[in-house]
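Take a look at the letters that make up each chain.
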Amino acid sequence: MSVIKWGLSLFLLLFCALALAQSFPSRPMKILVPSVAGSSPDIRARQIAAKLAEAFGQPVIVENRPGANGLIAAREAVKATPDGHTLFLALINNAVSDVLNPDPCCRLTKELVPVSRFTMTPLVMVVHPSLPSTLAQYLELAKAKPDSLTYASHGPGSISQLFGEWLKAERGIRLLEVPYKGVNSELPDLHGAQVSTAFVVPQVVLASIRSGKLRALAVAGPERLSILPDIPTTAQAGVRGLEAIAWNGIFVPAGTPQPVIERLHRELVRAYRAPEVEAQLRATGSYAAADTPEQFAAFVRSENDKWARVIRDAGIKAP
């Protein structure tokens, strides 16, 4: 009898989950974004919100919850009812926080579960145009004159700092870190040569590169960018194994029924693959990953492992 009861309970659970998926969504949805309105993640969230609203026939509202390196939005997402109506656009900052200063309230792949990765944006290494024109020459200069070159970071645990420290360790060079409080606030100093190097997303420096105010040395991704076709990848420039990609993706609270996650995944991938969305991504040096929940979870674990090693080896501490 116990086996029969167990089987009946399992059947009822599956039936309820399927019924929920079929009726989902039953009310307006929202996407929590851990950055300010008008930021790149906010723009991306609004792109897919419009597509999801069209697909589901329900309003999809974008709510900005910046602060605490992504934790404010993550905490709110975890507290939401796990029924698929509240989505969280996690950033690479959240994954880094999980290894630098983990908060057991809202860890990616634990309290928050992945649905699908959205954008991948490789960082571009840029320098003042008075500096060498290739990455190899830059590294030679850094070795010949230790501490003569500087790089801009956005503080402890930022991807710019992590990549700068990783490059130093891998190539045995010494660069002085210059921390900035705001994202992209280093640009005036880069133009004026007060700081010599930065690792930034391409859309921020594209105009400066094209005008000659800054020089791009390498793209920290697996392939060249269509908007910067003449700029080699770090591997092509002679530094293999070093990649730094700013990414984001959709998560939901743990406990969300699998059929709901699967339906969300299908519609998110359709949104990512919309021609106008793909065109806008390419124009800013990004592309959509559009992977499965399982692939996204594996990717997050690999990112955690990679950046944990960098943090440990460089002795980076939480702010």
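These numbers come from a predicted model, not from an experiment. (Residues numbered from 1 in each chain as written. Predicted model: local features only at pLDDT ≥ 70, side-chain atom pairs only at ≥ 80, totals over all residues. Heavy atoms only, no water.)

Overview of the pattern of salt bridges
At step 1: Under the criterion given, the structure shown has 16 salt bridges.
At step 2: For the salt bridge of Arg 65 with Glu 63, the shortest nitrogen-to-oxygen distance reads 2.9 Å.
At step 3: Between Arg 75 and Asp 103 there is a salt bridge, and its shortest N-O distance comes to 2.9 Å. Placement of Arg 75 in helix α3 (residues 71-79) and of Asp 103 in the loop between α4 (92-100) and β4 (112-122) is noted, with a sequence separation of 28 residues between them.
At step 4: Classification of Asp 103 by relative accessible area gives buried; the value is 18%. (Salt bridge = Lys/Arg side-chain N within 4 Å of Asp/Glu carboxyl O. Helix = DSSP H or I, 4+ residues; strand = E, 2+ residues; numbered from the N terminus. Buried < 20%, exposed > 50% of the residue type's maximum accessible area, 1.4 Å probe, protein only.)

Here we look at the packing of aromatic side chains
Describing an aromatic ring pair means giving the distance of the ring centres and the angle of the ring planes.
At step 1: Overall, the coordinates contain 8 aromatic pairs when judged by the stated rule.
At step 2: Relative to Trp 307, the ring of Trp 166 has its centre 5.5 Å away and its plane inclined at 80°; by these criteria the two rings are edge-to-face. Taken together, the residues Trp 166 in helix α6 (residues 159-171) and Trp 307 in helix α11 (residues 293-314) connect sequence positions 141 residues apart. Both residues of the pair, Trp 166 and Trp 307, belong to the buried class.
At step 3: For the ring pair Trp 247 and Phe 299, a centre distance of 5.4 Å and an interplane angle of 80° mean the geometry is edge-to-face. With Trp 247 in strand β10 (residues 245-253) and Phe 299 in helix α11, this residue pair connects regions lying 52 residues apart in the sequence.
At step 4: Accessibility expressed as a relative area gives 2% for Trp 247, which makes it buried.
At step 5: On the basis of relative accessibility, which here comes to 14%, the residue Phe 299 falls in the buried class. (Phe/Tyr/Trp six-rings, centres within 6.5 Å; stacked < 30°, edge-to-face > 60°.)

A look at the nonpolar core
At step 1: Among the nonpolar cores identified, the biggest contains 49 residues, and Phe 88, Leu 108, Tyr 138, Trp 247 and Trp 307 are the most heavily contacted of them.
At step 2: For this core, the element with the most residues is α11, which contributes 6 residues.
At step 3: Ignoring any residue separated from it by four or fewer positions in sequence, one finds Phe 88 in contact with Leu 32, Pro 34, Gly 70, Ala 73, Ala 74, Ala 77, Asn 94, Leu 108, Leu 112, Gly 249, Ile 250 and Phe 251.
At step 4: Core analysis: the second largest hydrophobic core is formed by 30 residues, Val 62, Phe 118, Ile 261 and Ala 288 among them. (Core = buried A, V, L, I, M, F, W, Y, C linked by side-chain atoms within 4.5 Å. Contact = heavy atoms within 4.5 Å.)

As for α3
At step 1: By the burial criterion, the buried members of α3 are Leu 71, Ala 73, Ala 74 and Ala 77. One side of α3 holds all its buried residues, which, seen down the axis, span an arc of 160°.
At step 2: Those residues of α3 hidden inside the fold are in contact with β1 (29-33), β3 (86-91), α4, β4 and β10. (Arc of directions from axis to C-beta.)

Regarding the state of the cysteines
At step 1: According to the stated counting rule, one finds 1 disulfide in the structure shown.
At step 2: Sulfur-sulfur distance for the disulfide between Cys 105 and Cys 106 comes to 2.2 Å.
At step 3: Cys 106 gets classed as buried once you look at its relative accessible area, which sits at 3%. (Disulfide = S-S within 2.5 Å.)

Here's the deal with the pairing of β10
At step 1: The buried fraction of β10 is high, at 9 of 9 residues.
At step 2: Here β4 runs beside β10; their pairing, made up of 8 bridges, is antiparallel. Bridge pairing in β10 places Met 120 opposite Trp 247. (Pairing = 2+ DSSP bridges.)

Examining the packing of α4 against α11
At step 1: Taken N-terminus to C-terminus, the directions of α4 and α11 make an angle of 55°; their axes are 9 Å apart at the nearest point. The pairing of α4 with α11 is recorded here as oblique in orientation. Crossing angle aside, the handedness with which α4 passes α11 is right-handed. Taken together, the residues of α11 that come into contact with α4 (itself represented by Ile 92, Ala 95, Val 96, Val 99 and Leu 100) are Glu 303, Asn 304, Trp 307, Ala 308 and Ile 311.
At step 2: A breakdown of the residues in the contact of α4 with α11 according to their chemical character gives 8 nonpolar, 1 polar and 1 charged. (Axes fitted to C-alpha atoms, helices over the stretch in contact; angles between N-to-C directions. Parallel < 35°, antiparallel > 145°, perpendicular 65-115°, else oblique. Left-handed = near helix turned anticlockwise from the far one by under 90°. Nonpolar A, V, L, I, M, F, W, Y, C, P; charged D, E, K, R; others polar.)

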